[in-house]
Number of protein chains: 4
Amino acid sequence: MNESAIPFGVIGAGRIGKIHAANLANRIRDARIVVLSDSAKDECERLAGQLNIAKTTPDYRAVLRDPEVQAIAICSSTNSHFDIIMAAADAGKHIFCEKPIDLSIENIKTIDKKIRATGVTFMVGFNRRFDANFAKIRDLVRSGAVGDPHVVKITSRDPAPPSEKYIRSSGGLFLDMTIHDFDMARYLIDSEIVEVYAQGRVLVDPVFAKAGDIDTATVMLNYENGALAVIDNSRRAVYGYDQRVEVFGSKGMATVTNKTPDNHIYSNTDGIHSALPLNFFMERYVDSFLTEMQIFVDCVKKKVEPPVTTWDGLASVAIALAANRSIEEHRPVQVAEFVERR
Amino acid sequence: MNESAIPFGVIGAGRIGKIHAANLANRIRDARIVVLSDSAKDECERLAGQLNIAKTTPDYRAVLRDPEVQAIAICSSTNSHFDIIMAAADAGKHIFCEKPIDLSIENIKTIDKKIRATGVTFMVGFNRRFDANFAKIRDLVRSGAVGDPHVVKITSRDPAPPSEKYIRSSGGLFLDMTIHDFDMARYLIDSEIVEVYAQGRVLVDPVFAKAGDIDTATVMLNYENGALAVIDNSRRAVYGYDQRVEVFGSKGMATVTNKTPDNHIYSNTDGIHSALPLNFFMERYVDSFLTEMQIFVDCVKKKVEPPVTTWDGLASVAIALAANRSIEEHRPVQVAEFVERR
Amino acid sequence: MNESAIPFGVIGAGRIGKIHAANLANRIRDARIVVLSDSAKDECERLAGQLNIAKTTPDYRAVLRDPEVQAIAICSSTNSHFDIIMAAADAGKHIFCEKPIDLSIENIKTIDKKIRATGVTFMVGFNRRFDANFAKIRDLVRSGAVGDPHVVKITSRDPAPPSEKYIRSSGGLFLDMTIHDFDMARYLIDSEIVEVYAQGRVLVDPVFAKAGDIDTATVMLNYENGALAVIDNSRRAVYGYDQRVEVFGSKGMATVTNKTPDNHIYSNTDGIHSALPLNFFMERYVDSFLTEMQIFVDCVKKKVEPPVTTWDGLASVAIALAANRSIEEHRPVQVAEFVERR
Amino acid sequence: MNESAIPFGVIGAGRIGKIHAANLANRIRDARIVVLSDSAKDECERLAGQLNIAKTTPDYRAVLRDPEVQAIAICSSTNSHFDIIMAAADAGKHIFCEKPIDLSIENIKTIDKKIRATGVTFMVGFNRRFDANFAKIRDLVRSGAVGDPHVVKITSRDPAPPSEKYIRSSGGLFLDMTIHDFDMARYLIDSEIVEVYAQGRVLVDPVFAKAGDIDTATVMLNYENGALAVIDNSRRAVYGYDQRVEVFGSKGMATVTNKTPDNHIYSNTDGIHSALPLNFFMERYVDSFLTEMQIFVDCVKKKVEPPVTTWDGLASVAIALAANRSIEEHRPVQVAEFVERR
């Protein structure tokens, strides 16, 4: 056993919990899992068995009490994040938390104070920042190759809608799905978003209307530095998970196309055919999930601040709330209506 | 000489006039030029010499009085369109008019009445409708391959800004440049635009600010049928003329990439390199200019209504005016504030 | 009428004759057609009518006797080339001749002497040299961007086999079809071909076997400078006309992909789909036919040697004959077995 | 510890040994390493330390004597393969052996008999068969989508030459590098290679000539079923590892492009730029190395014959030897001159 490995507790054994647990158990340098927690006891024990995790518990508080645990990965539902983070920080555990931190600006501010007071390491799981494609675009922007950024375009479309149950507890399209794009808009360009204008539609499935949600949206963002961004979202792209960004500036343009399972091209009498995008985030972002957790572990070991902070978590939620208000009030909305700039 | 060729007068020997004159003189079936008119006498005579056009005149009225002339191509500045069209219709000449018809909704309505009253054939020069790439996208939409359209994305960026003189008389970005994209948005989807929200910036050259204009814009459009569109424009893409559209719908997505002078790929130690887009509209849309004029000539011969009507000219100007107001008043603007639906 | 235009006689009103006649009549600067000749009288008159050509004749000798004619375009069958060229040169007519000049090395040598003796301008119709894609590859090679060339790869596949009648009089795959690729191999690299090894198959249609011909081939060429080339041919690529080249060298690689009618990309549940190549040479090489004839006309006017000489015509036939012998004798064959280097 | 994991001995801790050891230690289901062997003691112990491998030995015989070891991975130099395989089979160890098995047809036949006599599981490391790109092409061929295969094209170019020491012991280009392509030619099409014609050159580095080797080659292969293949190789492609295949047939064509580290496209005034191929086999084939070893482990566990047999190892060596003779004797060479068909 690697004695220098940081002992983790993983809280949540659902879709995203499985990804992080498998990475921490087998692929992350200098980390190991000592306990897995989920109120769904069977699922928790099944996953623990697969990954050779010694302890399981239905109660996250047991994880926080465990003296062996030095860091936790919070993969439970958003509404549980606040309580877990506050207690974990008090218990001196380092915290990796899935996005969004919380749906309330006030709660995130409280969390931010707690993190600062306790000095634990905290990172939000905006995994797409660690995707090689998007990182390359940011590098091109940072290097000056794009020049002054003028227009950012982000297309983010899921292959299929989630379940009605998921939709009802998701916080809505902007807080659940577009929040990744809001963070991407902030990540690609070194300037804050100051204004949001959004249009939303139910074009994919009436179930979204029943839940008071939307399934299709276009959003326009204004950066503080004068640049503009447009985002378009859909809950169903029949051809698969569509994840593209483009940054246009005074010296050039940087774009990324989708990742595919292979690079074949097949030509027949009907046309030229190639592979669909990797189907969904588990396939598309497999490397970015690994990289983000490795970076968190490295930050814990080196005692440095992680690259995604509570402010990043706060800013993206504020933009999402502004987008919601833009639709409700049918007007451009200032992000400052929700949060003052740090 | 082809006796069945329709005798044209061409009014305007500038950039776009040269394109149409060369096509009518050499490449259009069943058309010929009998007179060329431009107040710039030298330029007019030089072009007439190159194209073997027998007559020239500095005064467009001489063209309209010429009994040999059956049809005219109006390639003069926008502010001259109204007078020429009104007089030409009275003279019984068929009219091809460059976009925009006029910057005033009232004038276009007056023109529309005149066209109907005189029965002359009238067509607006939205040449991009006749580009093979965009026509293919429209075909895919029409055929049902895209399903119900949800989101339309149009990127339109010029390679370099026009002269300050041109800018000052252009009517502004939306009426001069984006108007093509507004027409494209209407062409691709069989539904009218009902609302516009626009953001404009001066990021390319301060000369635009001096002229009260913008050089960079993002525009969000709402279709009557619930679909959404986003347009982004720039007056300078250093890599060349960037002309792309994308239609995303319930059954798929149709996009077009830029046209390039060749399909070479060069690989060296620095990367994989390929050709820049064709530089500007003269190269990019050479085929569409030819096709649109051929269609106009065919419509004149067959006495059928051309595929781009005064209503198309009117609707695109109304959307452009709504975009201007959206920026002035910083709010979403209804197209109905400018024109009632026909 | 353009008085400075060179008066042409066009001999042959078939598939390739129609292309050259239409170009000379309408699109070539400084050229016009005064007479069209084809033994198929009806077809000849129909084409002359379409293109407003004043005179027609079933006998090419009438063209050569016509004092108005200064230059001829030979578009008749290969077995007629020798007699026409010899008589035309004696009549002092400049000569554009479709490839191949002749199937006999001796005849081409006789032609070469005649051309030199009479001083008429002579050019062979290797149109692909004037295609923008291939010219770009050659430019990259010439500029040194590719470095020393090591390997040339040429893929040339027709969309469908010609008629049995055509096959029987074609001279066989290498002299009819691959001859373009042999010329391309010589055009791309400044070094002569010294050895040929070929494999041929009948995989597309047994009609080729009946005619003593092949429909599928791979050919390996050795350049004098040590570089290597591989060519692959098929008489039927169901996805359309496949025309690609690749030059690999010490500093990089230059390739071209096929040209398509448009650049659309359509994505649905089945995959990502794009346009097939332009169907056949009339569409694919429309620009190169125009450019080559313009260059011939310019050479006649400027009294300079055209860029494709009798030696080029001779060398490609010698390579084709070596390829035929390679298959017959199942061994690598020296080009010097057929022609000494000039 | 996974008690059902097959205990491996890994023989050879060089470049390829490191890949297989890391996979067996961390990423392969149902396998673990109990001993690592390499005569280079320091390197062996360093790797064992990194991978937490308990035992090391400079002598492969110690591995074969180890009663805990059930299977071995042979990653040592080719000239050691024969002795190790013979002894390992006698010791009842299952054997994964890197390509080529041996450079002597007789030795491989002896190995084949030994494998059959002892009944151990044996697999050759033709890892490219397990690459998702090439597997997709084979699937398209197998499914009938390509129709009857007519022409196979394989391009295989290394980013940079190996060391002179490596070259001198490599067996030459065909046995060291092209052997992968010979196997690929056999893998893609269900027909054996019957004849080989090869051309070789020293164009990259004179060191190859000093070693009696070549660095550039084109090879033509005839399949028993009448299909043709062309292979081109270079020891140095300055733009990176170039690994492409194309299968052309009666119903269509299947090709694969290179894999790249990301899908970015950067456009500036110089052109459109994208990422170079993944640099070399460690990056390009990382997944295929993992998949092939997993399949070997699964075959050992399930007691089924692996998908790459001694016959596959034998056939590819015979083709390579035929290619060598083709160059020496400057003629097409039958594979049957080296081995009778099984």
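Up top is the structure these notes are about.
Bear in mind the structure is a predicted one, so any value in this text is a computation, not a measurement.

Peer 1: Tell me about the relation of the copies chain A and chain B, residues and numbers included.
Peer 2: Note on the identical chains: chain A maps onto chain B by a rotation of 180° and an axial translation of 0.0 Å, with an RMSD of 0.1 Å. Given the turn and translation reported, the copies of this chain are related as if by a two-fold rotation axis. Ranked by how close their C-alpha atoms come to the rotation axis, the residues of chain A are headed by Arg-331 of chain A, at 3.0 Å. Residue by residue, 100% of the interface of chain A is reproduced at the interface of chain B, so both copies engage with the same surface.

Peer 1: How would you summarise the side chain of Glu-98 of chain D if you had to cite specific residues and measurements?
Peer 2: Note that Glu-98 of chain D resides in strand S5 (residues 94-98). At 5.9 Å, Lys-99 of chain D is the nearest oppositely charged side chain to Glu-98 of chain D, a buried residue that forms no salt bridge.

Peer 1: Report on the pattern of salt bridges, specifying residues and quantitative values.
Peer 2: Scanning the model with the defined rule gives 136 salt bridges over all chains in all. Between Asp-131 of chain C and Arg-284 of chain C there is a salt bridge; the shortest N-O distance is 2.7 Å. Taken as a pair, Asp-131 of chain C in the loop between strand S6 (122-125) and helix H6 (132-142) and Arg-284 of chain C in helix H10 (residues 281-284) lie far apart in primary sequence, 153 residues in all. Its relative accessible area of 1% is what places Arg-284 of chain C among the buried residues. With a shortest N-O distance of 3.0 Å, Arg-168 of chain D and Glu-164 of chain D are connected by a salt bridge. Taken together, the positions of Arg-168 of chain D and Glu-164 of chain D, both in helix H7 (residues 164-168) and 4 residues apart, correspond to about one turn of that helix. In the salt-bridge network here, residues are joined through shared partners; they are Lys-153 and Glu-246 of chain A together with Arg-157, Asp-232, Asp-242 and Arg-244 of chain B.

Peer 1: Could you give an account of the relation of the copies chain C and chain D, naming the residues involved and the relevant values?
Peer 2: Aligned on chain D, chain C shows an RMSD of 0.0 Å; the corresponding rotation is 180° and the shift along the axis is 0.0 Å. Interface residue correspondence from chain C to chain D reaches 100%, placing this contact among same-surface, isologous pairings.

Peer 1: Requested: an account of the state of the cysteines, with residues and values cited.
Peer 2: On inspection of all chains with the given rule, the structure shows 0 disulfides over all chains. Lacking any disulfide linkage, Cys-299 of chain C is separated from the closest cysteine sulfur, that of Cys-97 of chain C, by 16 Å. Free cysteine: Cys-44 of chain D, not disulfide-bonded; nearest cysteine sulfur from Cys-75 of chain D at 12 Å. Judged by its relative accessible area of 1%, Cys-44 of chain D falls in the buried class.

Peer 1: Residues and numbers for the interface of chain A and chain B, please.
Peer 2: Buried accessible area, meaning the area lost when the parts come together, often serves as the stated size of an interface. Between chain A and chain B, the contact holds 38 residues from the first and 38 residues from the second. Between chain A and chain B, the buried area comes to about 3200 Å², and carbon and sulfur atoms account for 65% of it. Inspection of the chain A/chain B interface yields 6 salt bridges. Between Arg-157 of chain A and Glu-246 of chain B there is a salt bridge; the shortest N-O distance is 2.9 Å. On the surface where chain A and chain B come into contact, there are 18 residue pairs in polar contact (both at pLDDT 80 or more).

Peer 1: Can you break down the interface of chain C and chain D residue by residue, with the values?
Peer 2: At the junction of the two partners, chain C supplies 38 residues and chain D supplies 38 residues. At the boundary of chain C with chain D, total buried surface from both sides reaches about 3100 Å², with 65% on carbon and sulfur atoms. Among the residues of chain C in contact with chain D, Met-220, Leu-228 and Phe-248 of chain C are the three that bury the most area, contributing 17% of the side total. A salt bridge links Lys-153 of chain C to Asp-232 of chain D, with the nearest nitrogen and oxygen atoms 3.4 Å apart.

Peer 1: Please provide a residue-by-residue account of the sheet that holds strand S2 (residues 31-37) of chain B, values included.
Peer 2: Residues and elements named next belong to chain B. The 6 strands are arranged S3-S2-S1-S4-S5-S6 in an open sheet whose pairing can be described as parallel. Strand pairing shows two members of the sheet lacking a second neighbour, strand S3 (55-57) and strand S6 (122-125), which therefore form its edges. Strand-to-strand twist of the sheet, defined as the mean angle between neighbouring strand axes without regard to direction, takes the value 25°. The pairing of strand S5 (residues 94-98) with S6 spans 4 bridges and is parallel. Across the sheet, the residue bridging to Glu-98 is Gly-125, located in S6.

Cut-off values and rules
- Residues numbered from 1 in each chain as written.
- Chains lettered and ligands numbered in written order.
- Predicted model: local features only at pLDDT ≥ 70, side-chain atom pairs only at ≥ 80, totals over all residues.
- Heavy atoms only, no water.
- Least-squares fit on C-alpha atoms with pLDDT ≥ 70 in both.
- Contact = heavy atoms within 4.5 Å.
- Helix = DSSP H or I, 4+ residues; strand = E, 2+ residues; numbered from the N terminus.
- Buried < 20%, exposed > 50% of the residue type's maximum accessible area, 1.4 Å probe, protein only.
- Lys, Arg positive; Asp, Glu negative; His and termini not counted.
- Salt bridge = Lys/Arg side-chain N within 4 Å of Asp/Glu carboxyl O.
- Disulfide = S-S within 2.5 Å.
- Buried area = accessible area lost by both parts, 1.4 Å probe.
- Polar contact = N/O pair within 3.5 Å; in protein donor to acceptor, adjacent residues only side chain to side chain.
- Pairing = 2+ DSSP bridges.
- Axes fitted to C-alpha atoms, helices over the stretch in contact; angles between N-to-C directions.

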